[in-house]
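Breakdown of the fold
Here are the chains, one letter per residue:
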Amino acid sequence: MSGGSVLLTDILKDTPARSRLSPTMQRFVRHRLAVFGVVVIVLLALACAIGPLLVPYGHLQLDMRHRFQAPFAGPHMLGSDELGRDQLARLLMAGRISLSIGLAAMVISVVVGSVVGLIAGFRGGALGTVLMRIVDAILCFPSIFLLLTLAALISPSVVTITLIVALTAWMEVARIVYGQIRALRELEFVAAAVTVGSTPTRIMFRELLPNAIGPIIVVATLIVARAILLESYVSYLGYGIQPPIPSWGNMLEKAQQYLTTAPWLAILPGVMITLTVASFNFVGDGLRDALDPRSDKR
Amino acid sequence: MARYIVHRLGQSIVLLWLVSLFGFFLLHLTPGGPLSQFANTPGMSDEDLRRLATQYGLDRPLPIQYLDWAWGLLTGDWGRSYRDHAPVLKVIGSRIGATLQLMVTATLIAVLVGGTAGILGAVRRYSLFDQVVTVGTMIALSIPTFWFGLVVIYVFSVELGWLPPGNIGPVGNSSFLIFLHHLIGPSMVLGLVTTALWSRFMRSSMLDALNQDYVRTARAKGLPERVVIGTHVLRNALLPMITIAGLELPTLLGGALVTETVFTWPGMGRLFLDSIEYRDYPVVMGTLIFAAILVITGSLIADVLHTIADPRVRLR
């Protein structure tokens, strides 16, 4: 037993009453992987935001004298690609794109999914059935197939790719919100709200939605992870973010050709994707445990 | 039992209908509709386009077109490929075998490796092994499949030279051993995510079963732990896994698409990508709908099998 994190969690475990952290926060902090995830995400976001200003090379700057330079073997710290572009600068710029798409797609799909789930769950009846059957139908399409079809139909840009990633991810939010609302609307506080004459819209957005926020936050975190993965898939396959704009996915598109001569071009972007996606998954898992006290037993 | 199956069948038919509506909607969402391929061809006048539209019946009202198209889906006339005018179903049929080989092998790996890891993890809950597997599972689910493919090719083909870097085997030389040799890499890659999912679901299914009263009874009457786990827990924990196998189909199909691309495996996924490249919409739409039908059928079969294996489901 050594190391600062262990010490911190031990203190938290021993003095729950005096701790200034809420029980939810305590459970989250006890989840070491989730804390690791938060730290990695914050560091990555900072690096991608500030990093490109500090790297001596631009992400589009060509350097024909140092093409295919291996990492730590020349002026380019993490190596350079077939045009001598600095790998570090490109990784950080790509991170900006990939993280932004992940977050933006998450926001869109959470909003759309929540509204659909809320309406279907609260109204129920024929409308609810139709909405949820549509959700089921779209879920029958493997998301990569759907994403590629949509990507082939549109002209790819950062905005359109974000939109179509969101379009293939909102259904899960809808299902979760639907389930939550179905359970919540039978409870007494909803009857009370009806009695005092609240409008249905008010009941939906002010009474029901806040009570379903826990599972929504969890699924939102996991959707960021999914969205970053999906973006990397379409971009790798050539239908996502188009060069010269770098994304972790499209950096790997070219890398396969140079696998024998310049393997670092294939390794680094993949490590970045895995690290980011895993961090968001860890955080989502930690949040699930923290927001649902019953899950302690699992 | 029969009522449940009829009910479940009805649900699937409604889903199929919605899927076809959605597919038709996508097809006509294309700027220029199904003829956009021809609209881009140089030397095509508006006159020619209109003649083509009449020829394909695209100047009729949309509901009529939908009915015609949906009737075609039902009767097996899925249109013809723009590339070689072969019937779409025949094109898909020629490729589905290779994809199924990959999917079956990956699932076998997942059941053996992932299933075992999940069982052991649940039995020795919170042990070092369990924790390593749980974290490993989450990392495995975070690795982009195509990148893992690149890593496998780099390590096993480029560096070690143990595995061929791709394809299903050299042309003209198709012995079973050579085929197996080519199957190892892509199955490993496709199997990664499935193995992670199986280990995760198997673990939680085992934990559910371990909490049941009959397990306490079995222990109380002094049965050896081996018998309790092997007979009482495992057999019950395996039941929900039938449904999981069905639910995982979309993930498996999507993974197959990517894996086939990295390893140039001549399956349905590659066909789909090639067709997108050529703007071969009949094949793109055909493959998309075929995948959805496969998913619907898969989960229907899984649910029915689950009902047969576990009578309690029928009462729900």
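Chain B goes by ABC transporter permease in an unreviewed UniProt entry, where it is assigned to Neoroseomonas eburnea. Among the UniProt annotations of chain B, the heading Subcellular location (unreviewed entry) holds the following wording: "Cell membrane".

As annotated in an unreviewed UniProt entry, chain A is ABC transporter permease from Neoroseomonas eburnea. Of the comments in the UniProt record for chain A, the one headed Sequence similarities (unreviewed entry) reads "Belongs to the binding-protein-dependent transport system permease family." The record in UniProt for chain A states the following under Subcellular location (unreviewed entry): "Cell membrane".

Counting across every chain of the model gives 12 aromatic pairs over all chains. Aromatic pair Y233 of chain A and F146 of chain B: ring centres 5.4 Å apart, planes at 75°, arrangement edge-to-face. Placement of Y233 of chain A in helix α11 (residues 213-236) and of F146 of chain B in helix α7 (residues 145-159) is noted, with the two residues assigned to different chains. Comparing Y233 of chain A with F146 of chain B, the two get one shared label, buried. Aromatic pair F22 of chain B and F25 of chain B: ring centres 6.5 Å apart, planes at 40°, arrangement tilted. Placement of both F22 of chain B and F25 of chain B in helix α1 (residues 2-29) is noted, with a separation of 3 residues, approximately one turn of the helix. Owing to a relative accessible area of 47%, F25 of chain B belongs among the partly exposed residues under this scheme. Taken together, the ring pairs connect F141 of chain A together with F22 and F25 of chain B into an aromatic cluster.

In terms of nonpolar packing, the biggest core is built from 143 residues, with L148, L208 and L252 of chain A together with F146 and L257 of chain B touching the most fellow members. It is helix α4 (residues 87-123) of chain A that contributes the most residues to this core, 15 residues altogether. When residues are assigned to domains, this core turns out to be shared by domain 1 (2-61) and domain 2 (90-309) of chain B, each giving three or more. The residues touching L252 of chain A, leaving out its near neighbours within four places in the chain, are Y236, L265, A266, P269, G270 and I273 of chain A together with F146, W147 and L150 of chain B. Among the nonpolar cores identified, the runner-up in size contains 17 residues, and A122, M206, V228 and I229 of chain B belong to it.

Cut-offs used in this document
- Residues numbered from 1 in each chain as written.
- Chains lettered and ligands numbered in written order.
- Predicted model: local features only at pLDDT ≥ 70, side-chain atom pairs only at ≥ 80, totals over all residues.
- Heavy atoms only, no water.
- UniProt positions renumbered as here; feature names shortened; annotations may be inferred.
- Phe/Tyr/Trp six-rings, centres within 6.5 Å; stacked < 30°, edge-to-face > 60°.
- Helix = DSSP H or I, 4+ residues; strand = E, 2+ residues; numbered from the N terminus.
- Buried < 20%, exposed > 50% of the residue type's maximum accessible area, 1.4 Å probe, protein only.
- Core = buried A, V, L, I, M, F, W, Y, C linked by side-chain atoms within 4.5 Å.
- Domains from an automatic or database assignment.
- Contact = heavy atoms within 4.5 Å.

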